[in-house]
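# Coordinate inspection notes
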Amino acid sequence: MSTLHSGENLFIILFHFYRTEIDVLVFQRGMARTILLRMRLSAASMQPTRLSTLLRLVVFVLVVVVVIKLASQPRQMVPGVKMNQANTHGFWNKNPGKEEEPPKQDKSIVGEGAQEAKGPVESLAKAEKLPPPPQVVLPQDPNAPPLKVVHLDLKGAAPKLKYLEQIFPLFSSLGATGVLLEYEDMFPYKGELQVLRSPYAYSVEDIKTILNLAKLSKLQVIPLVQAFGHLEFVLKHEQYTALREVGDFPNSLNPHAPGSQALIQAMVTQVLEQHPDAPWLHIGADEVFGLGESQDSKNWLHSHSGDMGKMYLDHVVAVARFIVEWRPGIRLLMWDDMMRQISADVLKESGLQSLASPVMWFYAPKLNLKNIDQLISKYQEVGFKDIWFASAFKGASDINQVVTPLDRHLNNHLSWLKVINSMANYPSISFRGIILTGWQRYDHFSVLCELLPVGIPSLAVCLKTLQHGAFSDKAQMEVQHLLGCSINIEKGICDGSGAFSGSEVYNMILQLNKDLQKQTEELMKHYHVRGSFTYYHRKYNFANPRSLGFFTQELQKLLATWESFLENFRTQMEAIFFPDTIEEWMDENVNQHMDQLRKMADDANRIEKLKGRPKSQ
C-alpha cells in the first residue's frame, strides 16, 4: 500500500506541478534539471512493483513533454524591444490567415486652437479615413542647384494631357527644372470631397500620366493645396459654407470652425497619395482675406491680445505639423505675403521655420530691392534655412488680360536676378528656387487671364533670361530657335507663324484681339449705320433700303470672314482645352462682337425685305 500511496502521491504531485508551475518554468531555461531531480528523488522511495513501473512510465512521458516544451520556447524578450508582428500570429490569433488592419490614424491636431472634426463636416472626418503614413524618408540634396519651376494654375483653362505631353519637353528645353501644379477643382478628389471636382477634372490615371510626362522631361513636380485663403472652390459648396471666415464670402477658411483642420487634412492626404515621390508640397496660405472678422476669430483675438499674426500662424503650423508627421521628409512651401507684417519674434516662437520655407512673391516690373532686403534679413533672423522667390510670366498684369506684355515680365525677371545675385549677403539662408507663376484667374470666380499658349513666348523669354543672367543676344537667339518666331519686346509679340505647340492658338488670339473688336466698332461708325440703321430703326422695323445697300455688303463679308476664322479657331482650341474653357473664352472675348454682327445682319435682311414701309407700331 505504501508503494501505491507513494506512486499516487508522486503522480498527484507531478500532475499539479505540471498544471501550476510549468507555465512559469517554461520561460526560463535550465528549469528542466529541477523537474528531473524531483522525479528521481520521488522515484527512489518507490518499491519496484508493476504499479510503480507504470507510474514511472507516466512520469517519464510527462517529463519528456516538459523538456520538449522548454526546448521549443523562444528567448524572453528584452524590455523595450517590440516583438515582430509575425510572432503575434498563431494560437492567440483567432484569424491567422487574415491580414491585420493597420492602426487608425490619430486625427488630433497639433497646435493651439486646433479643432476636432465636428459640425458641418463631421461626416467628412468620419468617412475620410486617412491612409497610413509612408515610412520612407524622402531624400533631399542641399547642394542641388536652385530649381526653376513653371507654375500651372489649373483653376482655369486647364490643358488636356495631349498638350502637356507636347509642352513639357519645351519647358525643359527652355531651362525649367520643375512644375508647380495648382490643381484646385481639377484634382480627382474622392469620397465626400468628390463634390469639389470640375466636370472635366483629371482622373487618377491622368495624374499618373502627368507625373510620368514630367519625369520624362526631367521636371520635378510640386503639388499645391490651398490651406487657408483662396478656398473659393471648396467654400462655395453648401456643405462647407459654415467653414467660411466671413459668411457671405467664400474666400477664406475659419481656422476655429470645427472641421476646418479635418477638411485640409483630407485634401492634403488625397493629393499626396497621388504624388508619392513629391519632395515638396506648396500649401498656399496667401491672401487670407477677411481673417479676424468671424465671431470665432474675434473671441480668439479678445483673449490673445488681438494678435492676428499668432492666430494666422497657429492654423498654418497645425497644418504643417500634420503634413510633415504624416509624410516624413517632405518639405513645405508657402507664399510669404501674410507673414510680412508679422514680427520676427512671433514668427520664431511659432516654430514655422522648422516646418516650411517662405516663397517671396512680387510681380511688378521694377522691384523694391530695399524692401526685399529687409524681408530676407527678417526671414534669416527667424531661422528659415531656405527661401524661394516667385516671379510671373503671365497673369499678373490685368485681371482680364488677353495678350501677355513681354516687356513687363522681362523686367520683372531682370529685377529678380538682382535679388538672386545678392544672396551671398545672407549666409544663413539658402536660395532654393524660383517659381515663374502663370496665373489663369485672379481668384476662382474671376475671368480668364492669358491662355497658356499665349504666355509661352513670355515664359521662354523669362526662363532664358534667368539662365543667361540677361536677355542677351544669345538668349534671344535660343528663344527664337526653340519657338520658331521672332521676339519683339517692344511690340510684345513673337512675330511669325511659330513652331511651338499652341502657336496656332497664339497667333489667332493675336488676330482676334487686334481686329475683331476694332472692325466691329468701325462698322458701327459707318455713316449710313449711324444715320439710317440705329437702334430705333431696328426696334420699329423701318429704314430706307437704298441706305442699307451702302453697308450691308460690307457687313455680310465681314461676318462671313470671321465665321470661317472662328470655325478653325475652335478646332485649334479643342485640341488643347476642355469645352468649358472654350465656351468661357468665346463668351468673354468673341461672342459679344460676333453676336452684334449677327444680329445686325439679321435685322438688315429683315428690314430690307419690307421695301421702305412705315415703321411698325
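Residues numbered from 1 in each chain as written. Predicted model: local features only at pLDDT ≥ 70, side-chain atom pairs only at ≥ 80, totals over all residues. Heavy atoms only, no water.

## Describing the overall build of the protein
Cut-off, in case you're wondering: The helix and strand labels rest on DSSP assignments: H or I over at least four residues marks a helix, E over at least two residues marks a strand, and numbering proceeds from the N terminus. A simple rule labels every residue: compare its accessible area, found with a 1.4 Å probe on the protein chains alone, to the largest value its type can have, and call it buried under 20%, exposed over 50%, or partly exposed in between. Contacts between residues were defined by any pair of non-hydrogen atoms, one from each residue, lying within 4.5 Å. Per-residue and other accessible areas follow the Shrake-Rupley method at a 1.4 Å probe size, with only the shown protein chains counted as cover for residues.
Looking only at helices and strands, the protein has 23 helices and 10 strands in total. When each of the 617 residues of the protein is scored for burial, the buried share is 49%. Long-range pairs, those at least 24 residues apart, make up 77% of the contacts in the protein between residues at least 6 apart in sequence. Split by element, the accessible area of the protein, about 30800 Å² in all, is 52% carbon and sulfur.

## Considerations on the environment of Ala-176
With respect to the element layout, Ala-176 can be found in the loop between α6 (161–174) and β2 (178–182). On the basis of relative accessible area, Ala-176 is assigned to the buried category, the value being 4%. If we ignore the near neighbours within four places in the chain, the residues touching Ala-176 are Lys-148, Val-150, Phe-171, Leu-219 and Leu-463.

## Examining the state of the cysteines
Two cysteines, two sulfur atoms, one covalent bond between them: this is a disulfide. Our working rule: Working definition: a disulfide is two cysteine sulfur atoms within 2.5 Å of each other.
Evaluated as defined, the whole model comprises one disulfide. What pairs with Cys-485 in a disulfide is Cys-494, and their sulfur atoms sit 1.8 Å apart. One disulfide, between Cys-485 and Cys-494, carries an S-S torsion of 90° and so falls in the right-handed class. Under the relative-accessibility criterion, Cys-485 is labelled buried at 6%.

## Focus on the environment of Asp-296
For Asp-296, the location among the structural elements is in helix α10 (residues 295–303). The sequence separation of Asp-296 and Glu-245 amounts to 51 residues, and the corresponding C-alpha distance is 8.6 Å. Contacts of Asp-296, omitting those with residues within four sequence positions, involve Asn-254, His-256 and Ala-257.

## Description of helix α23 (residues 591–608)
We count it as follows: Multiply 1.5 Å by the residue count of a helix minus one, and that product is the helix's expected span.
Relative to the 26 Å expected for 18 residues at 1.5 Å per residue, α23 spans 25 Å between its end C-alpha atoms, a close match to the ideal helical length. Considered for burial, the residues of α23 that qualify are Asn-591, His-593, Met-594, Leu-597, Met-600, Ala-601, Asp-603, Ala-604 and Ile-607. Buried residues along α23 sit in contact with α17 (503–524), α18 (527–532), α19 (535–539), α20 (545–548), α21 (552–574) and α22 (579–589).

## Concerning the packing of helix α15 (residues 452–468) against helix α16 (residues 473–483)
The following threshold applies: Each axis is a line fitted through C-alpha atoms, taken for helices only over the stretch in contact, and angles between the N-to-C directions span 0 to 180 degrees. An angle below 35 degrees is treated as roughly parallel, one above 145 as roughly antiparallel, one from 65 to 115 as roughly perpendicular, and anything else as oblique. A clockwise turn of the near helix away from the far one marks a right-handed crossing, whereas an anticlockwise turn of less than a right angle marks a left-handed crossing. Under the convention adopted here, Pro, Cys and the residues Ala, Val, Leu, Ile, Met, Phe, Trp and Tyr are nonpolar, Asp, Glu, Lys and Arg are charged, and Gly plus all remaining residues are polar.
Packing of α15 against α16 brings their axes to within 9 Å, and their N-to-C directions diverge by 140°. In terms of orientation, α15 lies oblique with respect to α16. The chirality of how α15 crosses α16 is right-handed. Residues Ile-456, Pro-457, Ala-460, Val-461, Lys-464, Gln-467 and His-468 of α15 touch α16, and the partners they reach there are Lys-474, Ala-475, Glu-478, Val-479, Leu-482 and Leu-483. Looking at side-chain class alone, the contact of α15 with α16 contains eight nonpolar, two polar and three charged residues.

## As for the side chain of Asp-185
Rule in force here: Positive: Lys, Arg. Negative: Asp, Glu. His and the chain ends are not part of the count. Each salt bridge in this description consists of a side-chain nitrogen of Lys or Arg and a carboxyl oxygen of Asp or Glu lying within 4 Å of one another.
Mapping Asp-185 onto the fold places it in the loop between β2 and α7 (204–216). The side chain of Asp-185 sits in the buried core without any salt bridge; Lys-236 is the nearest counter-charge, 5.0 Å away. Not counting residues up to four positions away in its chain, the partners in contact with Asp-185 are Leu-154, Lys-155, Leu-196, Arg-197, Ser-198, Ala-201, Phe-233 and His-444.

## Some words on the nonpolar core
The tendency in soluble globular proteins is for nonpolar side chains to be buried side by side. Going by this rule: Residues enter a nonpolar core if they are buried and are Ala, Val, Leu, Ile, Met, Phe, Trp, Tyr or Cys, with the set joined through side-chain atoms within 4.5 Å.
Counting 155 residues, the largest nonpolar core has Phe-168, Phe-171, Tyr-202, Phe-389 and Phe-569 as the members making the most contacts within it. The biggest single contributor to this core is helix α11 (residues 308–326), with 10 residues. Counting 17 residues, the second largest nonpolar core, distinct from the first, contains Leu-224, Tyr-363, Ala-392 and Ala-396.

## Let's talk about the pattern of salt bridges
Taken as a whole, this structure holds 17 salt bridges when the rule is applied. Close ionic contact of Glu-273 with Lys-190 constitutes a salt bridge, the shortest N to O distance being 3.9 Å. With Glu-273 in helix α9 (residues 260–273) and Lys-190 in the loop between β2 and α7, the pair connects residues that are 83 residues apart, well separated along the chain. Look at Glu-273 and you get partly exposed, because its relative accessible area is 33%.

## Brief notes about unusual backbone geometry
We note that Glu-287 has phi near 45°; this positive angle belongs to a residue other than glycine. Here Glu-287 lies in the loop between β4 (280–282) and α10. The class for Glu-287 is partly exposed, based on a relative accessible area of 25%. If you check the backbone angles, Lys-611 has positive phi at about 55° while not being a glycine.

## Some words on α22
Put simply, the rule reads: In this context, the arc is that of the directions from the helix axis out to the C-beta atoms.
What α22 keeps buried is the set Thr-581, Ile-582, Trp-585 and Met-586. One side of α22 holds all its buried residues, which, seen down the axis, span an arc of 125°.

## Quick look at a negative patch on the surface
So the rule is basically this: Grouping into patches uses exposed residues only, defined as over 30% relative accessible area, and leaves out salt-bridged ones; the cut-off is 9 Å for like charges and 5 Å for nonpolar side chains (Val, Leu, Ile, Met, Phe, Trp, Tyr). Think of each charge as sitting on NZ of Lys, CZ of Arg, CG of Asp or CD of Glu.
Taken together, the side chains of Asp-580, Glu-583, Asp-587 and Glu-588 make up a negatively charged region of the molecular surface. Relative to the helices and strands, Glu-583 resides in helix α22. Using a relative accessible area of 52% as the deciding quantity, one classes Glu-583 as exposed.

## Describing the side chain of His-409
You can see His-409 is positioned in helix α14 (residues 406–421). Since its relative accessible area comes to 0%, His-409 is described here as buried. Not counting chain neighbours up to four residues away, the residues in contact with His-409 comprise Ala-392, Phe-393, Lys-394, Ala-396, Thr-404, Glu-450, Ser-458 and Cys-462.

## Some details on the packing of aromatic side chains
Which entries qualify depends on this criterion: Each Phe, Tyr or Trp ring (for Trp, its six-membered ring) is paired with any other whose centre lies within 6.5 Å, and the angle between the two planes then decides the class: stacked below 30 degrees, edge-to-face above 60, tilted in between. Charge-over-ring placement is defined geometrically: NZ (Lys) or CZ (Arg) within 6 Å of the ring centre, and within 35 degrees of the ring normal.
In the structure shown here, the tally under the stated rule is 19 aromatic pairs. Geometrically, the ring pair formed by Tyr-536 and Tyr-540 is tilted, given 5.1 Å between the ring centres and 55° between the ring planes. Taking the relative accessible area as the measure of exposure, Tyr-536 reaches 40% and is therefore partly exposed. Take Tyr-540: its relative accessible area is 25%, and that puts it in the partly exposed class. Each member of the aromatic cluster is reached from another via a ring pair, and the members are Phe-362, Phe-389, Trp-416 and Phe-431. Lying over the aromatic face of Trp-361, Arg-340 brings its terminal NZ or CZ to 5.1 Å of the ring centre.

## Digging into the pairing of strand β7 (residues 386–394)
What counts, and what does not: Looking down the strands as they point away from you, a crossover is right-handed if its path from the first strand over the helix to the second goes clockwise. Strand pairing is defined by DSSP finding a minimum of two bridges between the two strands.
Of all nine residues that make up β7, nine are buried, and the element is covered over most of its length. Considered for its hand, the β-α-β crossover made up of strand β6 (residues 356–361), helix α13 (residues 369–382) and β7 is right-handed. When β7 meets strand β8 (residues 430–438), the two strands line up parallel, connected through eight bridges. Looking at β8, one finds that Lys-394 is bridged to Gly-438. A crossover connection joins β7 to the parallel β8 through α14; in handedness this β-α-β unit is right-handed.

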